[in-house]
Amino acid sequence: MIDRIPLDAMTSDQLDALYERVAQAEQEADAAVAAAAHLTTLVGKRSERAERKAED
């Protein structure tokens, strides 16, 4: 089990560090979503090209 510091017992520096971790996690999540969207677009384009080639 993880020992947790109660919020009212956190120092200002600990709280700042926590907010920084949250902000970093949000940025990483946004980057992952953008990468997944880009990959989906690339796969879709490749699939469309393959379908057109198969029709020819």
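A few points on the structure. (Residues numbered from 1 in each chain as written. Predicted model: local features only at pLDDT ≥ 70, side-chain atom pairs only at ≥ 80, totals over all residues. Heavy atoms only, no water.)

Helices and strands together make up the secondary structure of the chain, namely 1 helix and 0 strands. In terms of overall dimensions, the chain is more spread out than a globule: its C-alpha atoms have a radius of gyration of 22 Å, far above the 10 Å expected for 56 residues. Seen along its three principal axes, the alpha-carbon backbone of the chain occupies a region of about 70 × 25 × 10 Å. For the chain, buried positions account for 0% of its 56 residues. In the structure as shown, the chain presents an accessible area of about 5,400 Å², 57% of it carried by carbon and sulfur atoms. Side chains of the chain give 7 positive and 12 negative charges; the mean places of these two sets differ by 15 Å. (Helix = DSSP H or I, 4+ residues; strand = E, 2+ residues; numbered from the N terminus. Rg over C-alpha atoms; globule rule 2.2 N^0.38 Å. Buried < 20%, exposed > 50% of the residue type's maximum accessible area, 1.4 Å probe, protein only. Areas by Shrake-Rupley, 256 points an atom, 1.4 Å probe, with all protein chains shown as cover. Lys, Arg positive; Asp, Glu negative; His and termini not counted. Charge placed at Lys NZ, Arg CZ, Asp CG, Glu CD.)

The next point concerns a positive patch on the surface. A surface patch of positive charge is lined by Lys45, Arg46, Arg49 and Arg52. Checked against the element boundaries, Lys45 lands in helix H1 (residues 12–55). We classify Lys45 as partly exposed; its relative accessible area is 45%. (Patch = residues over 30% accessible without salt bridge, like charges linked within 9 Å, V, L, I, M, F, W, Y side chains within 5 Å. Salt bridge = Lys/Arg side-chain N within 4 Å of Asp/Glu carboxyl O.)

Okay, a negative patch on the surface next. On the surface, a cluster of negative charge is contributed by Glu48, Glu51, Glu55 and Asp56. If you trace the backbone, Glu51 turns up in helix H1. Exposure remark for Glu51: the relative accessible area of 48% places this residue in the partly exposed category.

Structurally, Arg4 can be placed in the segment before H1. Taking the relative accessible area as the measure of exposure, Arg4 reaches 70% and is therefore exposed. Taking C-alpha positions, Arg4 is 48 Å from Arg46, a pair spaced 42 residues apart along the chain.

This part takes up the layout of surface pockets. Here the largest pocket is characterised by a volume of approximately 270 Å³. Lining the largest pocket are Ile2, Asp3, Arg4, Ile5, Met10, Gln14, Ala17, Leu18 and Arg21. For the lining of the largest pocket, a count of residues per class yields 5 nonpolar, 1 polar and 3 charged. (1 Å grid on protein atoms, 1.4 Å probe; cavity = no way out; pocket = protein on both sides within 12 Å on 5 of 7 lines; lining within 4 Å. Points joined across faces, edges and corners; volume = space filled by probe spheres on them. Nonpolar A, V, L, I, M, F, W, Y, C, P; charged D, E, K, R; others polar.)

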